[in-house]
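Topology and contacts: notes
One letter stands for each residue in the lines below.
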Amino acid sequence: MNWPKGSKIKVRQPLKGRTTFKIGGRAQFFSEPESLPELRSILESAKKNKIPVFILGAGSNLLISDKGVKGLVIKLNSAYFKKIALKGSCIEAGGGVTLNQAIKFAQTKSLAGLEFLAGIPGTLGGALAMNAGCWESAIGDLVKEVGVMDYSGRIKILGSKEIKFNYRKSSLGKYIILSALLGLKKNSRAQIQKNINKYLMFRRKSQDLSRPNAGSIFRNPPQRYAGKLIDLCGLKGKKAGQAFVSERHANFILNRGKASAKDVLGLMRIIQKKVKNKFKITLQPEIKIWA
Ligand SMILES: Cc1cc2nc3c(=O)[nH]c(=O)nc-3n(C[C@H](O)[C@H](O)[C@H](O)COP(=O)(O)OP(=O)(O)OC[C@H]3O[C@@H](n4cnc5c(N)ncnc54)[C@H](O)[C@@H]3O)c2cc1C
């Protein structure tokens, strides 16, 4: 395989440590491009050689197969994709910026609106692809524009009207999200800090952060909470290998230390079966599964 000169592609790169679940095999090819031309030339090579491409953010909504990923994994981890700037009452940030960095930056500029995302361990790119949110708000509500590259290397700027955001999904998934312009509102830094603290406290109360995990495993079915349905099936604490259902939040699967993707998938199947039998509802995964 001939990658473009100077593109520093790594082979058989471990992915486990690049996910919050701490699960997964190796990437056949792995790249952290340092510029748009480098990203474009890598995509062109992958396309020419029919190599599938996967975009990795902070790996906080992902379950990666124990066998790893056959293809090229790209992470927007270089300084180029982590820029963040003030634009009037908006912030413009790269796809590799973490949500917590974006919140903090906005706070230093006395701009509010992102606080509900405090504690979500994702990148801006991953959050936009997933339309991350909580407590009735989602990041899509703040979007003014998103800069994307398609898998042929073409760059587009999409206005908010050209993007569909729905519950934990968006039409941006088919692109590589390079940057976004987010509309915020003036507020005092002290009030923004109060909001951040409030949301972090809600999160600590409701979620289980005691072991590696990937947040909510299943999407909430219409008018129901997946966690409640799983709890009513008596599945809290249920184990499969080294994976187990959290006692605190039944829609969280935790990794006791050495859980495999197989353990998690097995547990997910048990949960789906029990919930289907009891409530006639098929739970759909919220996490992305790279198998
Ligand atoms: C403890 C915990 C709590 C969580 N709480 C919440 C919550 O309250 N609300 C919520 O919505 N989510 C929550 N999550 C899930 C997760 O953090 C979010 O979905 C997050 O936005 C995913 O971002 P990421 O960068 O980690 O994406 P990844 O997990 O790396 O990727 C997720 C998807 O986005 C795609 N993607 C990533 N970056 C890009 C990019 N630049 N361009 C195109 N596609 C991209 C990937 O290909 C993949 O399909 C939680 C997770 C954890 C571990």
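Going along each chain's sequence as written, the residues are numbered from 1 onward. The model is predicted, so local features are restricted to residues of pLDDT at least 70 and side-chain atom pairs to those at 80 or more, both for listing and for counting; the totals for chains, interfaces and linings are taken over all residues. Hydrogens and waters are ignored; side-chain quantities use all the structure's heavy atoms.

What follows deals with the packing of aromatic side chains. Two aromatic rings, drawn from Phe, Tyr or Trp (for Trp, its six-membered ring), form a pair once their centres lie within 6.5 Å of each other, and the interplanar angle then sorts them: stacked below 30 degrees, edge-to-face above 60, tilted otherwise. Scanning all chains against the criterion turns up six aromatic pairs. A ring pair is formed by Y80 and F81, whose centres lie 5.0 Å apart and whose planes are at 80°; its orientation type is edge-to-face. For each residue, the accessible area found with a 1.4 Å probe, counting protein chains only, is set against the maximum for its type, and the residue is called buried under 20%, exposed over 50%, and partly exposed in between. The class for Y80 is partly exposed, based on a relative accessible area of 34%. Residue classification places F81 among the buried residues on the basis of a relative accessible area of 1%. In textbook terms, an aromatic cluster arises when at least three aromatic residues are bridged by ring pairs, as seen for W135, Y199 and F202.

What follows covers the site of the ligand. Close to the ligand lie 34 residues; I55, G57, S60, T123 and G133 are nearest. With respect to the ligand, the backbone of I55 contributes an N or O atom lying 2.6 Å from an oxygen atom. Counted as a polar contact is a pair of N or O atoms within 3.5 Å, where, for protein atoms, one must be capable of donating a hydrogen and the other of accepting one, and residues adjacent in sequence contribute only when both atoms are in side chains. Between the ligand and R168, the relevant distance is 3.1 Å, taken from an oxygen atom to a side-chain nitrogen or oxygen of the residue. Considering the ligand on its own, with 960 Å² of exposed area, one finds that the protein chains cover 93% of that surface. Here the shell around the ligand gets five residues from one element, more than from any other, and that element is helix α3 (residues 124-130). All amino acids are sorted into three groups, where Ala, Val, Leu, Ile, Met, Phe, Trp, Tyr, Cys and Pro are nonpolar, Asp, Glu, Lys and Arg are charged, and the leftover types, Gly among them, are polar. Residues that form the shell around the ligand fall into these classes: 18 nonpolar, 13 polar and three charged. For each domain, the first and last residues come from an automatic or database assignment. Counting contributing residues per domain, the shell around the ligand is built from domain 1 (10-75) and domain 2 (80-205), each supplying no fewer than three. Being near a molecule or strand, for a residue, means having at least one of its heavy atoms within 4 Å of it. Accessible surface is estimated by sampling points in the Shrake-Rupley manner with a 1.4 Å probe; for residues, cover comes only from the protein chains shown. Counting from the N terminus, the helices are DSSP H or I runs at least four residues long and the strands are E runs at least two residues long.

The next point concerns the domain arrangement of the protein. Looking at the protein, the domain boundaries give domain 1 (10-75), domain 2 (80-205) and domain 3 (226-290). The straight-line distance from the C-alpha centre of domain 1 to that of domain 3 is 26 Å. Taken together, the contact pairs 14 residues of domain 1 with 13 residues of domain 3. On the domain 1 side of the contact with domain 3, F21, N61 and L63 bury the most area, a combined 49% of that side's loss. The term salt bridge refers to a pairing of a side-chain nitrogen on Lys or Arg with a carboxyl oxygen on Asp or Glu at a separation within 4 Å. Linking domain 1 with domain 3 are zero salt bridges, by the criterion used here. If you look at where domain 1 meets domain 3, you find eight residue pairs in polar contact (both at pLDDT 80 or more). For the side of domain 1 that touches domain 3, the residue count by class is 10 nonpolar, two polar and two charged. Here, residues are in contact when the closest pair of their heavy atoms is within 4.5 Å. Using a 1.4 Å probe, buried area is obtained as the accessible area two parts lose upon being combined, added over both of them.

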